[in-house]
Amino acid sequence: MHDEAARAEGHPGFLAHHFTDVEQQRESAKLGMWIFLLTEILLFGGLFCAYAIYRSWYPDMFHNAHKALDLTLGTTNTIVLITSSLTMALAIRSMQLGRKNLTMVHLVLTLALASTFLVIKYFEYAHKFHLGQLPGKFYTYQGIEGTNPHIFFTMYFAMTGLHGIHVIAGMSVIGWMLYRTAKGHFSAAYYTPIEMTGLYWHLVDLVWIFLFPLFYLIR
Amino acid sequence: MKSGSNNHGHVLPLRVYLTVGAALFVLTGITVWVSTFNLGPYNLVVAMIIAATKGLLVAFFFMHLFYDNKLYFMIFGFAIAFIAIFIVLTMFDTQARADVNPIEGRVIQPEAAIYEQKPALSPADSSVHK
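Calculation criteria
- Residues numbered from 1 in each chain as written.
- Chains lettered and ligands numbered in written order.
- Predicted model: local features only at pLDDT ≥ 70, side-chain atom pairs only at ≥ 80, totals over all residues.
- Heavy atoms only, no water.
- Salt bridge = Lys/Arg side-chain N within 4 Å of Asp/Glu carboxyl O.
- Helix = DSSP H or I, 4+ residues; strand = E, 2+ residues; numbered from the N terminus.
- Buried < 20%, exposed > 50% of the residue type's maximum accessible area, 1.4 Å probe, protein only.
- Contact = heavy atoms within 4.5 Å.
- Buried area = accessible area lost by both parts, 1.4 Å probe.
- Polar contact = N/O pair within 3.5 Å; in protein donor to acceptor, adjacent residues only side chain to side chain.
- UniProt positions renumbered as here; feature names shortened; annotations may be inferred.
- Core = buried A, V, L, I, M, F, W, Y, C linked by side-chain atoms within 4.5 Å.
- Expected span 1.5 Å × (residues − 1).
- Arc of directions from axis to C-beta.

A. Fine view of the pattern of salt bridges. Going through the model one piece at a time under the given rule, you end up with six salt bridges over all chains. K30(A) is paired through a salt bridge with E195(A); the nearest N and O atoms lie 3.2 Å apart. Here the residue K30(A) occupies a position in helix α2 (residues 22–57), and E195(A) occupies one in helix α7 (residues 192–216), the gap between them amounting to 165 residues. Each member of the pair, K30(A) as well as E195(A), carries the same accessibility label: buried. Each of E23(A), R26(A), K30(A), E195(A) and D68(B) takes part in salt bridges that share partners, so that together they form one network.

Structure below.
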């Protein structure tokens, strides 16, 4: 009933009653999303700080321990995640142009690439579990020279693990967006939820862009 | 938040996304390639400069910060700035402890659990794969 009245006045159905116009609603959503992303950056910031301290304390150990990581798998995962970021950006662009089916294709591609990332990560993790290259007191591996090699794997699992949780969260939201796109909830006039999902997904990509050289490319 | 920066319906050309994507792939290749050379401490510097460039490309174009209201860029910038302050000030402490008190500068090696029961190194396990 409310919506009927609103539409009669020329308000689109997706415009919540507490906003003056569509533009204000969109800008508010974006402001809220960026503030959330700020808290996400600070969350990872704590781990980056811990990483900086330990690496500056044990530079040689970090160099030796990083050889236990598979550079090929790491580089592949970087390419996979960047590509998924690109397809996510293209999904938003497709909806800006009102092309629903193309949006869904791009969202499915993004999901497929995100799954690929997680599968590769699973093989990397499984290999390390098998060798006992585990965090902290669970570390039993004997093949790495240097002081406190378990700290490298503590940081590795903490940072890539938290990042992996973000990948799973991002995939859930992308899946939800896929469902809503299929339901016809979005159009060229209203695609804010997909745009916000995209911002989140790009941040996940952004974090990995820094994790990759910090763990796989130590010299 | 004012509509002076109104870009509703601002659709970037496909070319922009593909160019940025290609640049990200190339930079990934460069950072892996550079890591094969020994530049001493500059390896980390170069790797971080390349990562920051990639990060800015993602933020500016995929996240539209270059075209959007500059308020969002400020929020992003503040997050980065405060992390920098956080890390630098913390490291003033952790890097200088030994100068003040040698005991504090000791590595935590003796307390770590893995040193309690360390069997002889078995060569079968020492095969790192790279």
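B. Representation of the interface of chain A and chain B. With 67 residues of chain A in contact, the opposing surface of chain B contributes 68 residues. Of the roughly 5,900 Å² buried between chain A and chain B, counting both surfaces, carbon and sulfur atoms make up 71%. When the buried surface of chain A facing chain B is broken down by residue, W34(A), Q142(A) and R219(A) rank first, second and third, together holding 13% of it. Between K30(A) and D68(B) there is a salt bridge, and its shortest N-O distance comes to 2.4 Å. Across the contact surface, chain A and chain B share eight residue pairs in polar contact (both at pLDDT 80 or more).

C. The arrangement of the UniProt feature "transmembrane region" (unreviewed entry) in chain B in detail. All names here are of chain B. Mapped onto this structure's residue numbering, the UniProt feature "transmembrane region" (unreviewed entry) falls at residues 16–37, 44–65 and 71–92. Helix makes up 86% of residues 44–65 and strand 0%, with an end-to-end C-alpha separation of 27 Å. The annotated region residues 71–92 carries 100% helix and 0% strand content, and the separation between its end C-alpha atoms amounts to 31 Å.

D. Fine view of the nonpolar core. Core analysis: the biggest nonpolar cluster contains 91 residues, and W34(A), F152(A) and F215(A) have the highest contact counts within it. Of all the elements, α7(A) adds the most residues to this core, at 16 residues. Contact partners of W34(A), with chain neighbours within four places excluded, come to L199(A), M63(B), L65(B), Y72(B), I75(B) and F76(B).

E. The arrangement of helix α1 (residues 14–34) of chain B in detail. Here α1(B) spans 30 Å end to end across 21 residues, near enough to the 30 Å set by a 1.5 Å rise per residue. Buried within α1(B) are the following residues: V16(B), Y17(B), V20(B), G21(B), L24(B), L27(B), T28(B), T31(B), V32(B) and V34(B). Burial along α1(B) is one-sided: seen end-on, the buried residues are contained in an arc of 165 degrees. For α1(B), exposure combined with an orientation more than 90 degrees from the buried face picks out R15(B), V26(B) and W33(B). Along its buried surface, α1(B) packs onto α4 (71–96) and α7 of chain A together with α2 (42–62) of chain B.

F. Structural detail: unusual backbone geometry. Phi is positive for H64(B), close to 65 degrees, though the residue is something other than glycine. By the secondary structure assignment, H64(B) is in the loop between α2 and α3 (70–100).

G. Expanded view of the side chain of S85(A). Position of S85(A) among the secondary structure elements: in helix α4. Taking relative accessible area as the criterion, S85(A) reaches 0% and is therefore assigned buried. Discounting residues that sit within four places of it in the chain, S85(A) has contacts with W201(A), H202(A), D205(A) and F62(B).

H. Broad picture of the environment of M155(A). All names here are of chain A. Its place among the elements puts M155 in helix α6 (residues 149–182). For M155, a relative accessible area of 4% corresponds to the buried category. What M155 contacts, discounting residues up to four positions off in sequence, is L47, A50, Y51, Y54, T160 and F215.

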